[in-house]
Amino acid sequence: MPTSDVGLLDHGGRDVVDGGVGAIVLVHGLMGRGRTWRRQVPWLRRYGRVFTFDAANHQGVRAVDSTDISTERFVADLAEIITWIDRGPAVLVGHSMGGLHSWCTAAAYPELVSALVVEDMAPDFRGRTTRTWTPWFASWPDRFPDLGSAVEMFGEVAGRYFYEAFDDGRLHGSISVWTDIAQEWAGRHFWDEWDAVEVPALLVEAGFSVTPPGQMAEMARRRHGASYVRVDGAGHLVHDDAPGVFRGAVEAFLSEFLAR
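Cut-offs used in this document
Residues numbered from 1 in each chain as written. Predicted model: local features only at pLDDT ≥ 70, side-chain atom pairs only at ≥ 80, totals over all residues. Heavy atoms only, no water. Helix = DSSP H or I, 4+ residues; strand = E, 2+ residues; numbered from the N terminus. Rg over C-alpha atoms; globule rule 2.2 N^0.38 Å. Contact = heavy atoms within 4.5 Å. Lys, Arg positive; Asp, Glu negative; His and termini not counted. Charge placed at Lys NZ, Arg CZ, Asp CG, Glu CD. Core = buried A, V, L, I, M, F, W, Y, C linked by side-chain atoms within 4.5 Å. Buried < 20%, exposed > 50% of the residue type's maximum accessible area, 1.4 Å probe, protein only. Pairing = 2+ DSSP bridges. Axes fitted to C-alpha atoms, helices over the stretch in contact; angles between N-to-C directions. 1 Å grid on protein atoms, 1.4 Å probe; cavity = no way out; pocket = protein on both sides within 12 Å on 5 of 7 lines; lining within 4 Å. Points joined across faces, edges and corners; volume = space filled by probe spheres on them. Salt bridge = Lys/Arg side-chain N within 4 Å of Asp/Glu carboxyl O. Nonpolar A, V, L, I, M, F, W, Y, C, P; charged D, E, K, R; others polar. Parallel < 35°, antiparallel > 145°, perpendicular 65-115°, else oblique. Left-handed = near helix turned anticlockwise from the far one by under 90°.

**As for the overall build of the protein**
The secondary structure content of the protein amounts to eleven helices and seven strands. The C-alpha radius of gyration computed for the protein amounts to 17 Å, which stays within 12% of the reference 18 Å derived for 260 residues, consistent with globular compactness. Projecting the C-alpha coordinates of the protein onto the three principal axes gives extents of approximately 50 × 35 × 35 Å. Residue pairs at least 24 apart in sequence account for 78% of intrachain contacts in the protein once pairs closer than 6 positions are excluded. Each charge class in the protein can be summarised by its mean position, and for the 24 positive and 35 negative side chains these summaries are 3 Å apart.

Structure representation (structure tokens):
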């Protein structure tokens, strides 16, 4: 996997030899992109060497590949990225879909992951469907001319998130493929993968969460060494909607991890 194809960026930071945690890999959510983490990169560099990347089918409209959109494919890609970085086990900070891929990577490749931050994602969405999204997607213009137009449609936080991920205001992937990626979650659960995780974990749930009620708290109860924080009043993009609370929780978690 050529690193240029996935937009892998090394943002620098505190390496292990400097007393840091090693690599911190930020794993974006569905319809996101590595650059949507830009506001978190500066303070995370105090704790480790920070990396961002673009997941498959989030790398531009010319890079859409629907032949394999399974969770296992994304996990294999993430494992390959951590191996290429070659700084030992990595701390994975994953939002939504990225959180799922992070804990599944920790389960499948325990030697590659040292700790997890999972933001607003749960193991079991069975019975839900993404097909209801279709009318909403159909209302999107072919191009958002500026940030203001995206904010007008999605709101301040989500509008900025989407516009940063877009390519000059245009989609950076395929809506139908993104829908199919999420549709997989409606047909299977990932409790077994979560139960196989053996590393310290921080679970951050939005007050206005997209996850089924109670599941993230249950994840913490089932996993010794997992911490759980619910951020009342925050939407799905907790790291941007309540950045101070998110930062405080993650910094406390990483500081405790470093002290071990």
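Read on for the rest.
**A word on the nonpolar core**
Ranked by size, the top nonpolar core spans 60 residues in total, and within it Trp103, Leu116 and Trp194 carry the most contacts. Ranked by residues supplied to this core, first place goes to helix α2 (residues 71-85) with seven residues. The contact partners of Leu116, leaving out residues within four places of it in the chain, are Leu92, Ser102, Trp103, Ala106, Trp194, Val197, Val199, Pro200, Ala201, Leu202 and Phe253. By size, the runner-up hydrophobic cluster in this structure holds 26 residues, among which are Val21, Leu26, Leu44 and Ala234.

**With respect to the sheet that holds strand β2 (residues 23-27)**
The strands making up a sheet associate through hydrogen bonds between their backbones, and the pairing can be parallel or antiparallel. Spatially, the seven strands line up as an open sheet ordered β1-β3-β2-β4-β5-β6-β7, and their pairing is mixed. Edge positions in the open sheet fall to β1 (9-13) and β7 (226-231), since each of these has one partner strand only. Averaged over all pairs of adjacent strands, the angle between strand axes in this sheet comes to 15°, irrespective of strand direction. Of the pairings in the sheet, the one linking β2 to strand β4 (residues 90-95) comprises four bridges and is parallel in character. Counted as the bridge partner of Val25 is Leu92 from β4.

**A look at the side chain of Thr179**
Structurally, Thr179 can be placed in helix α7 (residues 175-183). According to the relative accessible area criterion, Thr179 is buried, its value standing at 6%. Non-local contacts of Thr179, meaning those with residues more than four positions away in its chain, are made with Thr130, Arg131, Trp133 and Phe137.

**A word on the layout of surface pockets**
In this structure, the largest pocket spans a volume of roughly 720 Å³. Lining the largest pocket are 29 residues, with Leu30, Ser96, Trp133, Val210 and His236 positioned closest to its centre. Taken together, the elements giving at least two residues each to the lining of the largest pocket come down to α4 (134-138), α6 (156-165) and α7.

**Quick word on the pairing of strand β3 (residues 49-52)**
Of the two faces of β3, the one lined by Arg49 and Phe51 and the one lined by Val50 and Thr52 are each fully buried. Note that β1 and β3 share three bridges and pair antiparallel. By the bridge assignment, Asp10 is partnered in β3 with Phe51. One ladder, built from four bridges, connects β2 with β3; its direction is parallel. Within β3, the position partnered with Ile24 by the bridge is Val50.

**Brief notes about the pattern of salt bridges**
Taken as a whole and assessed by the stated rule, the structure comprises 23 salt bridges. Residues Glu164 and Arg38 are paired through a salt bridge, measuring 3.9 Å at the closest nitrogen-oxygen approach. Of this pair, Glu164 sits in helix α6 while Arg38 sits in the loop between β2 and α1 (41-44); the two residues are 126 residues apart in sequence, bridging distant segments of the chain. Arg126 serves as the salt-bridge partner of Asp124, at 2.8 Å between the closest nitrogen and oxygen. Each of Arg38, Arg39, Arg160, Glu164 and Asp240 takes part in salt bridges that share partners, so that together they form one network.

**Thoughts on the environment of Ala56**
In this fold, Ala56 is placed in the loop between β3 and α2. The residues contacting Ala56, other than those within four sequence positions of it, are Arg73, Phe74 and Asp77.

**As for empty space enclosed by the protein**
All chains considered together, the criterion is met by one cavity of 30 Å³ or more. What the largest cavity holds in volume is close to 70 Å³. Considering every element that reaches the lining of the largest cavity, the biggest residue donor is α2, with three residues. Across the lining of the largest cavity, the residue classes tally to seven nonpolar, two polar and one charged.

**Description of the packing of helix α5 (residues 147-154) against α6**
As a packed pair, α5 and α6 sit with axes 7 Å apart at the nearest point and diverge in direction by 135°. Considering their axes alone, α5 and α6 lie oblique with respect to each other. Where α5 crosses over α6, the two elements pack in a sense that is right-handed. On the side of α5, the interface is formed by Leu147, Ala150, Val151 and Phe154, while α6 contributes Glu156, Ala158, Gly159, Arg160, Phe162 and Tyr163. Per-class residue counts for the contact of α5 with α6 are seven nonpolar, one polar and two charged.

Shape descriptors only; they carry no functional weight alone.
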